[in-house]
Amino acid sequence: MDKSKLLYNSIAVLILLIVLSIYLILTFKTPVADSSLSFGSMKVEPITLLKVRLFWMIPILFITVILSIVFAFIIEEWLSPTNIIRQIIEPYIVILSGIPSMIYGLLAVYHVVFNLISSSYTSLTLILILLVIPTTTLSTQTAIRNVDTSIRNAAYAVGGTKWQVIFDHVLPLSALDILSGVCYTISRVLTVTAVCILVLNLLTSDFSTLTVINIVNNVGIILLLVLIFSIIASLIKKNTG
Amino acid sequence: MAPIIEVQNLNVWFGKSRILKNLSFDIEPKQVTAFIGPSNCGKTTVIRSLNRLNDLQADYRHTGEILFNGKELYSNKNRASEIARKISMVFEKPILFKKSIYENVAYSVRIRGRRQMSLINNIVDECLMKVQLWNDVKDKLHTDPNFLSIGQQQQLCIARALAADPEILIFDEPCAQLDATETPKFESILQSLKQQVTIIFVTNKRRQAARVSDVAGFLYNGELVEIGKTEQIFTTPTDTRTENYVTGRLG
Ligand SMILES: Nc1ncnc2c1ncn2[C@@H]1O[C@H](COP(=O)(O)OP(=O)(O)O)[C@@H](O)[C@H]1O
Ligand SMILES: [Mg+2]
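Residues numbered from 1 in each chain as written. Chains lettered and ligands numbered in written order. Predicted model: local features only at pLDDT ≥ 70, side-chain atom pairs only at ≥ 80, totals over all residues. Heavy atoms only, no water.

Participant: So what exactly am I meant to see when it comes to the site of ligand 1 here?
Facilitator: All names here are of chain B. Around ligand 1, the neighbouring residues are Phe14, Ile19, Ser39, Asn40, Cys41, Gly42, Lys43, Thr44, Thr45 and Gln57. The contact in question runs from an oxygen atom of ligand 1 to an N or O atom on the side chain of threonine 45, over 2.5 Å. Looking at the shell around ligand 1, the element that brings in the most residues is helix 1 (residues 43-50), giving three residues. Taken together, the residues of the shell around ligand 1 break down into three nonpolar, six polar and one charged. (Near = heavy atom within 4 Å. Polar contact = N/O pair within 3.5 Å; in protein donor to acceptor, adjacent residues only side chain to side chain. Helix = DSSP H or I, 4+ residues; strand = E, 2+ residues; numbered from the N terminus. Nonpolar A, V, L, I, M, F, W, Y, C, P; charged D, E, K, R; others polar.)

Participant: Is there a simple way to think about the packing of helix 3 (residues 57-78) of chain A against helix 8 (residues 162-204) of chain A in this case?
Facilitator: Each packed pair of helices is defined by two parameters, the angle between the axes and the distance between the axes. Residue and element names in this part refer to chain A. In contact at an axis separation of 10 Å, helix 3 and helix 8 are set at 135° when each is read in the N-to-C sense. On the basis of the axis angle, helix 3 is oblique to helix 8. As for how helix 3 packs across helix 8, the hand of that crossing is right-handed. Of the residues in helix 8, those touching helix 3 at Leu61, Val65, Ile69, Phe73, Glu77 and Trp78 are Lys162, Trp163, Ile166, Val170, Leu171, Ser174, Ile178, Val182, Ile186 and Val189. (Axes fitted to C-alpha atoms, helices over the stretch in contact; angles between N-to-C directions. Parallel < 35°, antiparallel > 145°, perpendicular 65-115°, else oblique. Left-handed = near helix turned anticlockwise from the far one by under 90°. Contact = heavy atoms within 4.5 Å.)

Participant: Looking at this model, I keep getting lost on the confidence of the model for chain B. Mind explaining?
Facilitator: Atomic detail in the predicted coordinates should be set aside for any region of low pLDDT. On average, residues of chain B score 93 in pLDDT, and 100% of them are at 70 or above. Scoring of the predicted complex yields 0.87 for pTM and 0.92 for ipTM. (pLDDT = per-residue confidence, 0-100.)

Participant: Would you mind going over the nonpolar core with me for this structure?
Facilitator: Soluble globular proteins tend to bury their nonpolar side chains together. Ile5(B), Phe25(B) and Phe35(B) are the most contacted members of the largest nonpolar core, which totals 79 residues. It is helix 8 of chain A that provides the largest number of residues to this core, a total of 13 residues. Not counting chain neighbours up to four residues away, the residues in contact with Phe35(B) comprise Phe25(B), Ile27(B), Lys43(B), Val46(B), Ile200(B), Phe201(B), Val202(B), Thr203(B), Gly217(B), Leu219(B), Leu224(B) and Ile227(B). Ala163(B), Cys175(B), Ile199(B) and Val212(B) belong to the second largest nonpolar core, which has 48 residues in total. (Core = buried A, V, L, I, M, F, W, Y, C linked by side-chain atoms within 4.5 Å. Buried < 20%, exposed > 50% of the residue type's maximum accessible area, 1.4 Å probe, protein only.)

Participant: Please explain the pattern of salt bridges as it appears in this structure.
Facilitator: The tally for this structure, following the rule as stated, stands at 12 salt bridges over all chains. One salt bridge connects Arg85(B) with Glu82(B), and the closest N-O pair in it is separated by 2.9 Å. Placement of the pair is Arg85(B) and Glu82(B) together in helix 2 (residues 80-86), with a separation of three residues, close to one helical turn. We note a salt bridge from Glu187(B) to Arg211(B), for which the minimum N-O separation is 2.8 Å. Pair noted here: Glu187(B) is in helix 7 (residues 183-193) and Arg211(B) is in helix 8 (residues 206-212), with a separation of 24 residues, a long-range link. Because the salt bridges share partners, they merge into one network encompassing Glu76(A), Arg86(A), Glu90(A) and Arg145(A). (Salt bridge = Lys/Arg side-chain N within 4 Å of Asp/Glu carboxyl O.)

Participant: Would you take a moment to explain the packing of helix 3 (residues 101-110) of chain B against helix 6 (residues 150-163) of chain B for this structure?
Facilitator: Residue and element names in this part refer to chain B. At a minimum axis separation of 7 Å, helix 3 and helix 6 run at an interaxial angle of 25°. As summarised for this structure, helix 3 and helix 6 are arranged roughly parallel, according to the angle between their axes. Of the two possible hands of crossing, helix 3 and helix 6 adopt the one that is right-handed. Here Ile101, Asn104, Val105, Ser108 and Val109 of helix 3 lie close against helix 6, whose contacting residues are Leu156, Ala159, Arg160 and Ala163. Among the residues making up the contact of helix 3 with helix 6, the classes are represented as six nonpolar, two polar and one charged.

Have a look at this one:
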């Protein structure tokens, strides 16, 4: 690892640790239970409410995925590897995409139960963004980088503009790998969703009604989707490396 | 005739390492200019500076002046893509797009915004004829080019470059991947093209350069040791390094 890379990586780790500390200090002080989800006087079934909220995350997921892909193209095609902005940004993408989805799941539960930010939509959206952008961006970047440079050269050599090279060659050649990354990210998001629902289910259920059927009812389909998406992700991946 | 390319004191760096040192030369129109020299002497770097493909390298930097038809090549008024089209290039390995034979050639026309089918058809046919590939592929235009031999694929690459309507055509060791039986055909194509375009041609095969070029330049360690009429370079070189190279004692 060269010197500047080491420097930017250290800065990123430091900043993430500071953000994490501030977050923990702020949130541990003021845990106020969400009235609509509190266990005593329930008007709406909390799991149902949570599911509605999670359902509304789908369009946000869609938008975030598209943005991440665009973001990855900007980094790869317009910022050279020595570009300072790129060097500053990349460590965050790498670090955040390496965090296990379980952590994000617990974070989501924590936020929804204690309603830390004014609305749990905001919390869920923020967690979703944190979960989706790094992994999708990183996998898209790898997919773009795996496109043979000789193809780019050939397209430039007959007068292709940057946009033409991207749309006619880079995008079609990397599409499957990008899609694979998106499927992988979706499976991660669904894992977080399952964790979230499962924990709330356990918290809010009267233990006499808690059965395997009940759990399967709530998260069975989601877990099945997790499997399907991760299998698709592996199968359509073209370039491994 | 005025030179089509004039290079004055060209220095090239990749990052901190200086790859080309003070190159000055002219390229005359409608002639074959060959750059010869051992591998890693900077041949590819010279030609990629001429069509601005080096712009794609993040750590590329150059000083000195390059004029194309009397105008600054690296001026902001020129779009790099337009320069790369006018000074088109064929690479060492045949690089084909994942498209049919027809579409590979048609691509060079389409990206210029020409969409008229009859025009595209004409250009494709004409370019395939110029590279002597027409008879081999005329019934299979819409099939994948994978069944072609390496030599034929290289011919297709030349046809695609011609379809871009270049003024200069650059070849970077075009025969490196070809077997000996395919080389004569390539040389005859080169000879026939020189009426239409200016050709710059890089090779580490000395005898091939002697056979096909009008002007030859010898590059060694990033320096242009000598450039002149091919006959003179190969028979009465002025520099001993050139003499050692062309006689096979060096590189
Ligand atoms: N993108 C690059 N970055 C750094 N060094 C390079 C790059 N491209 C070429 N070089 C160096 O420049 C020198 C000349 O390379 P090149 O022009 O490819 O030589 P040739 O084509 O004569 O074999 C070599 O030493 C090579 O390592
Ligand atoms: Mg080379």
